[in-house]
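# Structural description and commentary
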Amino acid sequence: MIGKFVWAAVPFAEGDGRYKIRPALVIAQAEMGDENVFLLAPRYSAADKCKGGNEVVMDSDDAIRVGLDHEGVLRFNREHIVAVKAKDIRNVLCGIDRLSARKAEAIRLAARRLGCNL
C-alpha cells in the first residue's frame, strides 16, 4: 500500500480522539504487535497555502489522476506525518505511478527527506 493515496481517519493534533477523514499518501508501513500501522502524509486543502519546506503541491489534474476530488498540498514535515492503524484507512485509491514522472519524483524526494522510500 506504500505509495498509494487513501482516505483515512487522520487524528487531530490535540490527540483527544477526534479525527477528520482526509485524503493522504501512505509513505511507510510497519507491524506493531499484531497490527499494521501506516505512516501518512495528509493532503491539505489548497486554502491551506504552502508554507515552504518539504511540501508538494497537487493541482486539479494531479488529484483527478489518483482519484481525489480537488487540488491540495502534501506536507512531508514531521509535525504533519501521522500514524494510523489499518482499520482507520477507509478507502484505497491510486498510486503515485498515475502521476507525471516529474510529480512522482517530487513526491519520492520529499518522502526520502523523511527517510521513507516510495
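Residues numbered from 1 in each chain as written. Predicted model: local features only at pLDDT ≥ 70, side-chain atom pairs only at ≥ 80, totals over all residues. Heavy atoms only, no water.

### As for the overall build of the protein chain
Across its full length, the protein chain holds 2 helices and 7 strands. For the protein chain, the α and β elements follow one another from N to C terminus as β-β-β-β-α-β-β-β-α. For a compact globule of 118 residues, the expected C-alpha radius of gyration is about 13 Å, and the protein chain comes in at 13 Å, within 12% of that figure. Once the C-alpha set of the protein chain is aligned to its principal axes, its extents read approximately 35 × 25 × 25 Å. Sorting the 118 residues of the protein chain into buried and exposed places 43% on the buried side. The long-range fraction of contacts in the protein chain, counting pairs at least 24 apart against all pairs at least 6 apart in sequence, stands at 62%. Total accessible area on the protein chain stands at roughly 6500 Å², and carbon and sulfur atoms take up 50% of it. Across the protein chain, 19 positive and 16 negative side-chain charges occur, with their mean positions spaced 3 Å apart. (Helix = DSSP H or I, 4+ residues; strand = E, 2+ residues; numbered from the N terminus. Rg over C-alpha atoms; globule rule 2.2 N^0.38 Å. Buried < 20%, exposed > 50% of the residue type's maximum accessible area, 1.4 Å probe, protein only. Contact = heavy atoms within 4.5 Å. Areas by Shrake-Rupley, 256 points an atom, 1.4 Å probe, with all protein chains shown as cover. Lys, Arg positive; Asp, Glu negative; His and termini not counted. Charge placed at Lys NZ, Arg CZ, Asp CG, Glu CD.)

### Looking at the pattern of salt bridges
Enumeration according to the criterion identifies 10 salt bridges in this entry. With its nearest N and O atoms 3.7 Å apart, the salt bridge here joins Glu14 to Arg18. The class for Glu14 is exposed, based on a relative accessible area of 57%. Between Arg108 and Glu105 there is a salt bridge, with the nearest N and O atoms lying 4.0 Å from each other. (Salt bridge = Lys/Arg side-chain N within 4 Å of Asp/Glu carboxyl O.)

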